[in-house]
2 protein chains.
Amino acid sequence: MEEKDTCDVICVHEDEVNDVKSKMLEDEFLFEVSDNFKVFGDSTRLKIMYALSQRDLCVCDLAAVLDMSQSAISHQLRVLRSKNLVKFRKEGKMAYYYLADEHVVSMIELCVEHTKERY
Amino acid sequence: MEEKDTCDVICVHEDEVNDVKSKMLEDEFLFEVSDNFKVFGDSTRLKIMYALSQRDLCVCDLAAVLDMSQSAISHQLRVLRSKNLVKFRKEGKMAYYYLADEHVVSMIELCVEHTKERY
DNA sequence: AACTTATATGATCAAATATTCATATGGAAG
DNA sequence: CTTCCATATGAATATTTGATCATATAAGTT
């Protein structure tokens, strides 16, 4: 007897579905991947990262460059820090942020290229 | 006289800020870039694309593979279509979806790799 | 033509997330 | 040690967005 627990979908091509199912990556892993993409999927964060790819900047300079409040920038920097995309060093009372590694730069460049090409 | 319209930020290093500002890409363009990333930033859409990278699938098979409702899948396919990431062909009453181009595959593979490496 | 099936879609609801506001923290300068 | 400034952060608000539900469309079947 075949299970048909949740869904009411009728047309399921068993073989193809099972084939693809067996090839799928772990749910958890794909969630992680999409979660990584998500960080780049906000224009504020992307602008921050792009700005930092030009040079290290303190928080208030970032706010000036993006013309946004210090608080908004700070909150987003927190997100970027939590994903290890940016780091910072303290200089006196200021915090200079910079991109964590080349990965980030290449990631941005890649999607910039893709966007240019496709649209 | 220098403008200080919106923000109340004091510490702005004029030169550095202007330097970076001049190097920034168009707001509109960066918004578009982040908008592209955003599509990959949802696990349902990512799973759909990953499944389609294995083979073309009709909507109900996709629903079965992801164990989600036909409606949810259909809505997300619409998003993917609107971004030209997937296409489809009609076969009778069924719609077989497939990835629009190699770009999409390489994009997914890249981020899968990044994720594996970084975390 | 009436009925079933596969897909699409509008409306609604719920959850996630970005920004603002108020305030806290901690270094620098007086 | 008090004040000022750069940054961080919690709470509240606003906006976005994903899933569901109900329904529409359109192709195949009887």
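Before reading further, recall that the structure is shown in the block above.
Keep in mind that this is a model prediction, so the values were computed, not measured.

Definitions and limits used
Residues numbered from 1 in each chain as written. Chains lettered and ligands numbered in written order. Predicted model: local features only at pLDDT ≥ 70, side-chain atom pairs only at ≥ 80, totals over all residues. Heavy atoms only, no water. Least-squares fit on C-alpha atoms with pLDDT ≥ 70 in both. Contact = heavy atoms within 4.5 Å. Helix = DSSP H or I, 4+ residues; strand = E, 2+ residues; numbered from the N terminus. Buried < 20%, exposed > 50% of the residue type's maximum accessible area, 1.4 Å probe, protein only. Buried area = accessible area lost by both parts, 1.4 Å probe. Salt bridge = Lys/Arg side-chain N within 4 Å of Asp/Glu carboxyl O. Polar contact = N/O pair within 3.5 Å; in protein donor to acceptor, adjacent residues only side chain to side chain. Pairing = 2+ DSSP bridges. Near = heavy atom within 4 Å. Nonpolar A, V, L, I, M, F, W, Y, C, P; charged D, E, K, R; others polar. Axes fitted to C-alpha atoms, helices over the stretch in contact; angles between N-to-C directions.

Help me understand the relation of the copies chain A and chain B, please; the structure alone is not making it clear to me.
Put simply, the second copy of the chain is the first one after a rotation about an axis and a shift along it. Structural alignment of chain A on chain B gives an RMSD of 0.1 Å, achieved by rotating through 180° and translating 0.0 Å along the axis. Such a combination of rotation and displacement between the chain copies is what one expects of a two-fold axis. In this assembly the copies share their binding face: 100% of the residues contributing to the interface of chain A also contribute to that of chain B.

Would you mind going over the environment of A:F29 with me for this structure?
Along the polypeptide, A:F29 turns up in helix α2 (residues 27–40). Under the relative-accessibility criterion, A:F29 is labelled buried at 17%. With residues up to four places along the chain from it excluded, the contact list for A:F29 reads B:V112, B:T115 and B:K116.

Looking at this structure, I do not really get the interface of chain A and chain B. What am I missing?
Often, the extent of an interface is quoted as the loss of accessible area on bringing the components together. Contacts between the two partners involve 64 residues from chain A, matched on the other side by 64 residues from chain B. Here chain A meets chain B over a buried area of about 5,900 Å², counting both sides, of which 67% is carbon and sulfur. The tally of links from chain A across to chain B stands at six salt bridges. The salt bridge involving B:D19 is made with A:R55; its shortest N-O contact spans 3.2 Å. In this assembly, chain A and chain B are joined by eleven residue pairs in polar contact (both at pLDDT 80 or more). Mapped by element, the contributors of at least two residues to the side of chain A that touches chain B are α1 (14–23), α2, α3 (43–54), β1 (57–58), α4 (59–66), β3 (94–99) and α6 (102–118) of chain A.

Before we go on, may I ask you to explain the pairing of strand β3 (residues 94–99) of chain B in this structure?
Pairing of strand β1 (residues 57–58) of chain B with β3(B) involves two bridges; the strand directions are antiparallel. Looking across to β3(B), one finds that B:C58 is bridged to B:Y96.

Before we go on, may I ask you to explain the protein's contact with DNA strand C in this structure?
A:C11, A:S71, B:S71, B:H75 and B:Y97 are the nearest of the 26 residues found near DNA strand C. In the interface set of DNA strand C, defined as its atoms within 4 Å of the protein, sugar plus phosphate atoms amount to 65%. Contact between DNA strand C and A:R45: a phosphate oxygen at 2.8 Å from a side-chain N or O atom of the residue. Between a phosphate oxygen of DNA strand C and a main-chain N or O atom of B:V59, the distance comes to 3.1 Å. When residues of the surface near DNA strand C are traced back to their parent elements, those giving at least two are α3 and α5 (70–82) of chain A together with α4 (59–66), α5 (70–82) and β3 of chain B. For the surface near DNA strand C, the element with the most residues is α5(B), which contributes six residues. When its residues are assigned to classes, the surface near DNA strand C shows ten nonpolar, ten polar and six charged.

In this structure, what is going on with the sheet that holds β1(A)? I would like to understand it.
Working definition: the strands of a sheet are paired by backbone hydrogen bonds and lie parallel or antiparallel to each other. Residues and elements named next belong to chain A. In spatial order, the strands read β1-β3-β2; together these three strands make up an open sheet with antiparallel pairing. Looking at which strands have only one partner, the edges of the open sheet turn out to be β1 and β2 (86–91). α5 contacts β2 and β3 of the sheet and is inclined by roughly 120° relative to β2.

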